[in-house]
Structures are given as C-alpha cells and as structure tokens.
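Structural characterization, general
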Amino acid sequence: MEPSTQELSPRSRSLLTLGFMGGLMSMYLCIGWLRLDTGVEAAVVPIPVDDWVPFSILWLPIYLFMLPMSWAPICSFADRRNVRRWVVSVILMYVPAIPLWIFWPVTVPRDPVAVTDFMSFLLWFLRLVDPPVNCLPSMHVAVATLAGLLIRRVDRPVGNSLLLLMPLIWYSTVALDQHWFLDGLVGLVLAVGTEQLTYRLMPVPPEAMGRIRRRAHLGWIGPFAAVVLIV
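To start, this report covers the structure provided alongside it. In this text the structure is predicted, and so the values were computed from the model without any measurement.

**Some points on the overall build of the protein chain**
Scanning the protein chain for helices and strands turns up nine helices and zero strands. Across the protein chain, helices and strands are ordered from the amino to the carboxyl terminus as α-α-α-α-α-α-α-α-α. Across its three principal axes, the protein chain shows a C-alpha extent of roughly 60 × 40 × 30 Å. The 231 residues of the protein chain split such that 43% are buried. Summarising the internal contacts of the protein chain: among those between residues at least 6 apart in sequence, 88% fall at separations of at least 24. Surface summary for the protein chain: the accessible area is close to 11900 Å², and the carbon and sulfur share equals 70%.

Shown next as structure tokens:
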C-alpha cells in the first residue's frame, strides 16, 4: 500500500526545478534560434485590442516576474504526485506549442530598443536572446495561468492570488510588444485545458492534496525580490 503522503526532499525539489525549468527554457530558445534559418515567413495576428495598449517599458518587471513564478507549484505541493502532475502539465502544454512555433510561427514587429538605462538594457538583452518567432501561444500567459490553477487545488488563497496576477502578466506581454493579445488568449486556453486534462487523468487522493508551509514560496519570490533590490 502506498503511503498517504509521498514527500519530496528540499534537495530533490531544487534539482528538479533547476533541471526541468532550465531544460524547458533552453529548448524554447533553441527553437527560436533555429527557426530563424528555416526560411518560413512568420505571420502577424493583430486585432483592435492590440492598438489599445501603448508601449511602456515600465511593465518589464511584471513581465519578468513570470520567470520565477513558473516554479511556484513545486514550492507549494507537499506530495510528489502533485509535483509529477505539474511536470506532466507543463510538458503537455509544449506538445501543441512546438509544432506551431516551427510550422506556423507568429511574430510581433518591434522597434529597436534605445539603451538609455538599465531597464532598456534588460529589454534589449531579452530581445537579443529571444527571437520574436515563437509568440503564439504565449508561454508567459500559459505558465502563469497553469501555476495558479495547480496551486489553487491545494492552497486556494495563494492560487487565487497568482491567478489575479495573470491578467497583469498578459497585459505586460502586449505593452512590451512581446506578444499579440491572441497569443495570450491561446496560452490561457491551453493552460486551462491542460490543467483540467491532467486533473482527470492523474487523480491524486484527497489525503495527498496538502501543501508545505507557505514560507517555501520565498524559494521563488526571494530571488526575484533580491535581484530587484540589488538593481
């Protein structure tokens, strides 16, 4: 008989987070770099909503906040079966996204960034390493939404708080000319559908739906806050 709770050690959590998220980010960037050499013309998908959002570099911190937020679930789940469901959910989101990035790439025309301060330097560097050819779906919106939905299963207040941040992250992707509005909409639908699918296909017993202490969220909020304060 399996134990009621299958715990995961802090060391295992750290190694899994570094390996899994580092691997996904490397794959995402590699697809963008290799896509530049395929000769396939990238599409644009603007709608009137995009014209309503003015460019503003002040949204860059919110945009970057999604990066540490992407590993918030592992700082919440007490049971490894929920961690496994998080890993599978993220992988499933990439399954339809990768063919879209390769065979029907979407881009956003971007004006050159004039580097005048540290914020503009960050945006310039971000665009340098992340070619604008894998915009749809927006993984910024998808991953942020998925994190909130997954955590909400075991910690409703924290999960709801993250979901309230999702529209701000979505807005930031448009305000920085990183994505179209439709990119975020597809990412949102992808995250909701994936979370529902894994919830049904990978059931976790009620006794295993526990959370670890909330101070564990310092594991992803802490590094972001430290970088902001240092900058």
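From this point on, the discussion continues.
**Quick look at the packing of aromatic side chains**
Scanning the entire structure with this criterion turns up ten aromatic pairs. Ring geometry for Phe65 and Phe224: centres 5.0 Å apart, planes at 75°, overall edge-to-face. Of this pair, Phe65 sits in helix α3 (residues 60-69) while Phe224 sits in helix α9 (residues 218-230); the two residues are 159 residues apart in sequence, bridging distant segments of the chain. On the numbers, 6.1 Å between centres and 40° between planes, the contact of Phe118 with Phe121 is tilted. Taken together, the positions of Phe118 and Phe121, both in helix α5 (residues 118-129) and three residues apart, correspond to about one turn of that helix.

The rules behind the values
- Residues numbered from 1 in each chain as written.
- Predicted model: local features only at pLDDT ≥ 70, side-chain atom pairs only at ≥ 80, totals over all residues.
- Heavy atoms only, no water.
- Helix = DSSP H or I, 4+ residues; strand = E, 2+ residues; numbered from the N terminus.
- Buried < 20%, exposed > 50% of the residue type's maximum accessible area, 1.4 Å probe, protein only.
- Contact = heavy atoms within 4.5 Å.
- Areas by Shrake-Rupley, 256 points an atom, 1.4 Å probe, with all protein chains shown as cover.
- Phe/Tyr/Trp six-rings, centres within 6.5 Å; stacked < 30°, edge-to-face > 60°.

In short, the description is geometric, and any link to function would need to be established separately.
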